[in-house]
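Structural characterization, general
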Amino acid sequence: MCLGVPMTVIESDEVSALCARGNETRRVSVLLVGGQPAGAKLLIHIDSAVRVLDDEEAALIDQALVGLEAAMRGENFESAFADLINREPQLPEHLR
């Protein structure tokens, strides 16, 4: 399974960006999203930025990844998905 992960831009031009996540840095393509300023959050999938994220969405994805890791270890993971507990599923705006 391939997952997109949020990374933070360190430096960027119109073709690629040096991004960081934790202790990892990686040069990724930004051809789909254009050059981004330092500090911007990008959703990275197979070394390509596929979307610019706001801070809140990047934090939610990070939290979900922590929950996924906990679930894979057999630990309690529900708290990582607190934003989804006790609410009805919602379709994205473009599918309504």
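To be clear, the structure that these remarks concern was listed above.
In this text, all values refer to a predicted model and were calculated from it rather than measured experimentally.

1. Here's the deal with the overall build of the protein chain
Tallying secondary structure elements over the protein chain gives 1 helix and 5 strands in all. Taken from N to C terminus, the helices and strands of the protein chain fall in the order β-β-β-β-β-α. Its C-alpha atoms put the protein chain at 40 × 35 × 25 Å along the principal axes. Looking at the protein chain as a whole, 25% of its 96 residues are labelled buried. The contacts in the protein chain between residues at least 6 apart in sequence include a share of 27% that link residues at least 24 apart.

2. Some thoughts on the pairing of strand β3 (residues 24–29)
Two elements, strand β2 (residues 16–21) and β3, share 6 bridges in a ladder whose sense is antiparallel. Following the sheet pairing, arginine 21 is matched in β3 by glutamate 24.

3. As for the packing of aromatic side chains
This model, assessed by the stated rule, comprises 1 aromatic pair. Ring plane angle 80° and centroid distance 6.3 Å describe the contact between phenylalanine 77 and phenylalanine 81, whose orientation is recorded as edge-to-face. Overall, phenylalanine 77 belongs to the partly exposed group, its relative accessible area being 32%.

4. Notes on the pattern of salt bridges
Tallying each qualifying case throughout the model produces 8 salt bridges. Here aspartate 47 makes a salt bridge to arginine 26, at a shortest N to O gap of 3.1 Å. Highlighted residues: aspartate 47 in the loop between β4 (41–45) and β5 (48–53) and arginine 26 in strand β3, separated in sequence by 21 residues. Using a relative accessible area of 37% as the deciding quantity, one classes aspartate 47 as partly exposed. Of the residues examined, arginine 26 reaches a relative accessible area of 25% and is grouped as partly exposed. Aspartate 55 is paired through a salt bridge with lysine 41; the nearest N and O atoms lie 3.8 Å apart. Of this pair, aspartate 55 sits in helix α1 (residues 55–72) while lysine 41 is found in strand β4, placing the two residues 14 residues apart along the sequence. Note on lysine 41: relative accessible area 23%, which makes it partly exposed. Because the salt bridges share partners, they merge into one network encompassing Glu24, Arg26 and Asp47.

5. Structural notes on the side chain of glutamine 36
With respect to the helices, strands and loops of the structure, glutamine 36 is situated in the loop between β3 and β4. Take glutamine 36: its relative accessible area is 16%, and that puts it in the buried class. In this structure, glutamine 36 is in contact with Val9, Ser12, Leu42 and Val52, ignoring residues within four places of it in sequence.

What counts and how
Residues numbered from 1 in each chain as written. Predicted model: local features only at pLDDT ≥ 70, side-chain atom pairs only at ≥ 80, totals over all residues. Heavy atoms only, no water. Helix = DSSP H or I, 4+ residues; strand = E, 2+ residues; numbered from the N terminus. Buried < 20%, exposed > 50% of the residue type's maximum accessible area, 1.4 Å probe, protein only. Contact = heavy atoms within 4.5 Å. Pairing = 2+ DSSP bridges. Phe/Tyr/Trp six-rings, centres within 6.5 Å; stacked < 30°, edge-to-face > 60°. Salt bridge = Lys/Arg side-chain N within 4 Å of Asp/Glu carboxyl O.

Just geometry here; none of it tells us what the structure is for.
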